[in-house]
Amino acid sequence: MRIILLGPPGAGKGTQSRLLMEKYGVVQISTGDLFRENVKAGTPLGKQVEAIINEGKLVPDEITIKMISERLDRADCKNGFILDGFPRNVAQAEALEKMLKEKGIKLDGVVRMEVDDDKLVERISGRFTCSGCGEGYHDKFKKPAQADSCDKCHANGKFTRRADDNEATVRERLKVYHGQTAPILPFYKSRGMLKIVNGMAAMEDVTAEIEAVLKPDSDSDKPPPPRMCG
Ligand code: ADP
Ligand code: ADP
Ligand code: ZN
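The residue numbering used here restarts from 1 in each chain and proceeds along that chain's sequence as written. A letter from A marks each chain and a number from 1 marks each ligand, given out in the order of writing. At least 70 in pLDDT is required for a residue's local features to be given in this predicted model, at least 80 for side-chain atom pairs to be given and counted, and no such filter applies to totals for whole chains, interfaces and linings, which use all residues. For side-chain calculations, the full set of non-hydrogen atoms in the structure is used, while hydrogens and water are omitted.

Trainee: How should the pairing of strand 8 (residues 194-198) be read in this particular structure?
Mentor: On a regular strand, one side chain projects to one face of the sheet and the next to the other, so that they alternate. Throughout, exposure labels follow a simple rule: accessible area from a 1.4 Å probe, protein chains only, divided by the maximum for the residue type, with under 20% read as buried, over 50% as exposed, and the rest as partly exposed. Going along the chain from the N terminus, every DSSP run of H or I of four or more residues is numbered as a helix, and every run of E of two or more is numbered as a strand. Judged by how many residues are buried, strand 8 sits mostly within the fold: 4 of 5 residues are covered. Any two strands are treated as partners once DSSP identifies two or more bridges connecting them. Note that strand 4 (residues 109-114) and strand 8 share 5 bridges and pair parallel. Residue valine 111 lies in a different strand from strand 8, and its bridge partner there is lysine 195.

Trainee: Looking at this structure, I do not really get the site of ligand 2. What am I missing?
Mentor: Throughout, the term near means that a residue has one or more heavy atoms lying within 4 Å of the molecule or strand in question. Residues in close proximity to ligand 2 total 17 residues, the closest being Gly10, Gly14, Thr15, Arg127 and Tyr137. Here arginine 127 contributes a side-chain N or O atom positioned 2.7 Å from an oxygen atom of ligand 2. Within the contact set of ligand 2, an oxygen atom lies 2.7 Å away from a backbone nitrogen or oxygen of tyrosine 137. Note on areas: these come from Shrake-Rupley sampling with a 1.4 Å probe, and a residue is covered only by the protein chains present in the view. When isolated, ligand 2 has an accessible area of 560 Å², and the protein chains bury 91% of it. If you list the elements that add at least two residues to the shell around ligand 2, you get helix 1 (13-24) and strand 6 (136-138). In terms of residue count, the dominant contributor to the shell around ligand 2 is helix 1 (3 residues). Side-chain classes are defined by residue name, with Ala, Val, Leu, Ile, Met, Phe, Trp, Tyr, Cys and Pro counting as nonpolar, Asp, Glu, Lys and Arg as charged, and the others, Gly among them, as polar. Its residues assigned to classes, the shell around ligand 2 comprises 8 nonpolar, 6 polar and 3 charged. Distance and chemistry together define a polar contact, namely a pair of N or O atoms within 3.5 Å, with one atom able to donate a hydrogen and the other to accept it when in protein, and with adjacent residues in sequence counting only for side-chain atoms on both sides.

Trainee: Whenever I open this one, helix 2 (residues 31-41) confuses me. Can you help?
Mentor: One full turn of an α-helix is made of 3.6 residues, so residues set three or four places apart face in the same direction. The complete set of buried residues in helix 2 reads Thr31, Leu34, Phe35 and Asn38. Buried residues of helix 2 fall within an arc of 95° about the axis and therefore sit on the same side. Looking at helix 2, the residues exposed on the side facing more than 90 degrees away from the buried face are Glu37 and Lys40. Looking at the buried residues of helix 2, the elements they touch are strand 2 (27-30), helix 3 (44-55), helix 4 (61-72) and strand 3 (81-84). Looking one or two residues past helix 2, glycine 42 carries a phi angle of roughly 65°, positive in sign. In this description, one arc is meant: the one made by directions from the helix axis to the C-beta atoms. Note on contacts: a residue pair qualifies if any of its non-hydrogen atoms lie within 4.5 Å across the two residues.

Trainee: Could you clarify how one ought to interpret the side chain of arginine 173 in this entry?
Mentor: Secondary-structure assignment places arginine 173 in helix 7 (residues 167-181). Residue classification places arginine 173 among the buried positions, given a relative accessible area of 10%. Setting aside its immediate chain neighbours within four residues, arginine 173 contacts Pro9, Gly56, Ile124, Arg127, Arg162, Asp164 and Asp165.

See the structure below:
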């Protein structure tokens, strides 16, 4: 599996990446996570990007593209990868296309996760993460079984909330998404690579839809029909 998960902040890209990663033994490459790790570790890259991230703006392409190129060269990408949060504008999409060609890598598809803006704000304001293993949670939609313990790694009380998950920054990030990221949709549509899923559905249903649209015979750029229940 070699895919791009595309969607606004809070669409569920990280959540689906982790589910698919476990199921298919591929790696998740999240530019946001890579930047945050650098910020936390106080690296020169982290110092360069911290203020930009906290304002909800995009890190310059040059930095981001170089980071992705180096990441894709690591051995753990051989079995496949999920790009989460990259590309985020047309210049990055073009750079990625060139880079993959040079590296001899072919993508299986670009999955767009559609979620309404109001829902995104609700999702982001309730989001928190286990600092032990990175598992994502939500105050309303995905609470840990025990309030202060991670379901996955059982680390106690080690949950964090992102500095940029506040209402003002979220509004700016949504603006950036609609202005700069959404224009890459026609780029992939014109290449016949775009697949659309309903990101408003329950987490496990979104996973099933992603798997369905990635099947080679799937009718690519239309949302799949609702699944019948019972
Ligand atoms: P979300 O999961 O809410 O979409 P991310 O974790 O992907 O957010 O990104 C957090 C921040 O990191 C972004 O607001 C931006 O500042 C920076 N960032 C992440 N990916 C990119 C990218 N491809 N290009 C530029 N900046 C990025
Ligand atoms: P992204 O990586 O696209 O920014 P996340 O995967 O971090 O988004 O999801 C944002 C928040 O919404 C998290 O708190 C997550 O638990 C929750 N979430 C993700 N997918 C769903 C879903 N299908 N239904 C309800 N909540 C969800
Ligand atoms: Zn954990």
